Amino acid sequence: DRFLKRLRWQTGHKVRLTSKVDPARSLIIEWRAASPHLLRLREDESYQINIQDKQARLSANNALGILRGLETLLQAIGKNQDGYYFPYLAVQDSPRFPWRGLLLDSARNFLPVPDVKRTLDGMAAYKFNVLHWHLSDDQGFRMESNVFPKLHGAGSQGLFYRQEEIREIVQYASLRGIRVVPEFDIPGHTTSWFVGYPELASQPGPYRLMQGEGIFDAVFDPSRAQSYEFLDTLFAEISTLFKDEYVHIGGDEVESGPWKHSPSIQSFMKTNALRDEH
């Protein structure tokens, strides 16, 4: 349906779709198996296109390959004085890279759901297959959490994705052959976490959301069992919303100052034979 709508948008022509087996059809699309319910890394995305004088044929091992081939067909449409046409074409295509991702930073710059969907449509057109969705940073925590409601309640200024919206976006992406890998940055880049839960931080609060860019001192306290219990519970909730086998935990630009100046953390380092903060 999406292919036919875009074909009509590009050419102005209405094309009829049928599931009847008819070798006389001008465009035949066939796939040999259904795609898996959950997309995974290194899924088969190969397809073949053959366009002759009177007929075009798109074939693939599964429906995911058909998605990629339909995009190539739309890109191949030409126009001359007689109208629109498909050129003679023989394509046998498979991806060079199994992970073709785009990072979308909704933590620093919140994007409404329609904008996320529009981005996914653009990704599908260029055969991207991973949305790396950056959902937490010093400037905001953007996922609704039922287990720790102060994460989005205090840490988002009201700009966050409700759980039903996240499920909707994950499904929208899946129908376009795109996996969604969420990122929740820890142990640094966590100011927004500590606005509602300052007891998890290496330094006492209070904390407020950051407005500008930069690297800030807010960092989890790794010496408290409570930190790990909190993260275990939160990531269990995250796994119910995001079905991909991967989640990104950031791990970048951790300011070591709060750990250097904390007696309890320095004691924790000695007890566990940790040579330095890194």
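This one's a predicted model, so the numbers in the text were calculated from it and none came from an experiment. (Residues numbered from 1 in each chain as written. Predicted model: local features only at pLDDT ≥ 70, side-chain atom pairs only at ≥ 80, totals over all residues. Heavy atoms only, no water.)

> Hey, could you go over the pattern of salt bridges for me, with residue numbers and the actual values?
Applying the stated criterion across every chain, the model contains 13 salt bridges. The salt bridge partner of Arg108 is Asp137, with a shortest N-O separation of 3.0 Å. Of the two residues, Arg108 sits in the loop between β7 (101-105) and α3 (113-125) while Asp137 sits in strand β8 (residues 130-137), which places them 29 residues apart along the sequence. With relative accessibility at 35%, the residue Arg108 sits in the partly exposed group. The salt bridge involving Lys117 is made with Glu168; its shortest N-O contact spans 2.4 Å. Of the two residues, Lys117 sits in helix α3 while Glu168 sits in helix α5 (residues 163-174), which places them 51 residues apart along the sequence. (Salt bridge = Lys/Arg side-chain N within 4 Å of Asp/Glu carboxyl O. Helix = DSSP H or I, 4+ residues; strand = E, 2+ residues; numbered from the N terminus. Buried < 20%, exposed > 50% of the residue type's maximum accessible area, 1.4 Å probe, protein only.)

> Give a detailed account of the nonpolar core, specifying residues and quantitative values.
Grouped together as the largest cluster of nonpolar side chains are 38 residues, with contacts concentrated most on Trp133, Trp193 and Phe242. Among the elements that take part in this core, helix α7 (residues 225-241) stands out by supplying 6 residues, more than any other. Not counting residues up to four positions away in its chain, the partners in contact with Trp193 are Ser136, Phe141, Leu151, Phe184, Asp185, Ile186, Phe220, Phe230, Leu231 and Leu234. (Core = buried A, V, L, I, M, F, W, Y, C linked by side-chain atoms within 4.5 Å. Contact = heavy atoms within 4.5 Å.)

> Summarise the packing of aromatic side chains; cite the residues concerned and give the values.
Tallied over the entire structure, the rule returns 14 aromatic pairs. Seen from their ring centres, Trp193 and Phe220 are 5.5 Å apart, and the 80 degrees between their planes marks the pair as edge-to-face. Here the residue Trp193 occupies a position in helix α6 (residues 191-196), and Phe220 occupies one in the loop between α6 and α7, the gap between them amounting to 27 residues. Residue Trp193 shares its accessibility class with Phe220, and that shared class is buried. Ring plane angle 50 degrees and centroid distance 6.4 Å describe the contact between Trp193 and Phe230, whose orientation is recorded as tilted. Taken together, the residues span a long stretch of sequence, with Trp193 in helix α6 and Phe230 in helix α7 at a distance of 37 residues. For Phe230, a relative accessible area of 5% puts it in the buried group. One aromatic cluster is present, built from ring pairs that chain together Phe141, Phe148, Phe184, Trp193, Phe194, Tyr197, Tyr207, Phe220, Phe230 and Phe235. Above the face of the Tyr172 ring, Arg176 is positioned so that its terminal group lies 3.5 Å from the ring centre. (Phe/Tyr/Trp six-rings, centres within 6.5 Å; stacked < 30°, edge-to-face > 60°. Lys NZ or Arg CZ within 6 Å of the ring centre and 35° of its normal.)

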